[in-house]
Amino acid sequence: MTFMNNNANIKQFQLIKFINENSSDDHVISKITIVLRRDKIEAPYYMITKIRLSSCIDLPENGIIHAMDILNHARRHNLTEDAYAEIESMIKDTCIESESVKISETDEQLKMVLMSRNDDEIRNLFKNYGKLFDKIDNLID
């Protein structure tokens, strides 16, 4: 398979932005989870990103009915200490908790969960956290 030799990097956040911008459905729901961990012996600086996108059908008499999962994606990164510190700093310095953004922290882990329930909310997430998403997308070049 030649595509394996091209060092391809699927830019996960660019992909969900593309899906959102090219979808005619106003009810694309997203959940993005970013977990930074520093408790593993074999990989002391570690990050997991999970992205889920769903499309829904809105029926006024029945409420919202899930129609389809569009994307369910997870990526794991072994990070350098510097990359870990930079991403951790970006989350702590620029992310404000709200109904759409939840942040939790322990000694070993920093977790950020971003939720959007429609087109406008997902666009706002990209406007507010685009630099963080770009930093994560560009970890592999």
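Bear in mind that the values here come from a model prediction, so they are computed numbers and not experimental data.

Caption draft 1: Representation of the confidence of the model for the chain in the model. Across the chain, the average pLDDT comes to 82, with 83% of residues at or above 70. Per-residue pLDDT stays below 50 along residues 1-5; that stretch engages in zero contacts with residues further than four places along the chain or on separate chains.

Caption draft 2: Up close: the packing of helix H2 (residues 81-94) against helix H3 (residues 119-137). Between H2 and H3, the least distance of the axes is 10 Å, while the angle of their chain directions is 165°. Compared by their axis directions, H2 and H3 come out roughly antiparallel. For the crossing formed where H2 meets H3, the hand is left-handed. Across from Glu86, Ile87, Met90, Ile91 and Thr94 in H2, the residues of H3 making contact are Tyr129, Lys131, Leu132, Lys135 and Ile136. Across the contact of H2 with H3, the residue classes tally to six nonpolar, one polar and three charged.

Rules used throughout
Residues numbered from 1 in each chain as written. Predicted model: local features only at pLDDT ≥ 70, side-chain atom pairs only at ≥ 80, totals over all residues. Heavy atoms only, no water. pLDDT = per-residue confidence, 0-100. Contact = heavy atoms within 4.5 Å. Axes fitted to C-alpha atoms, helices over the stretch in contact; angles between N-to-C directions. Helix = DSSP H or I, 4+ residues; strand = E, 2+ residues; numbered from the N terminus. Parallel < 35°, antiparallel > 145°, perpendicular 65-115°, else oblique. Left-handed = near helix turned anticlockwise from the far one by under 90°. Nonpolar A, V, L, I, M, F, W, Y, C, P; charged D, E, K, R; others polar.

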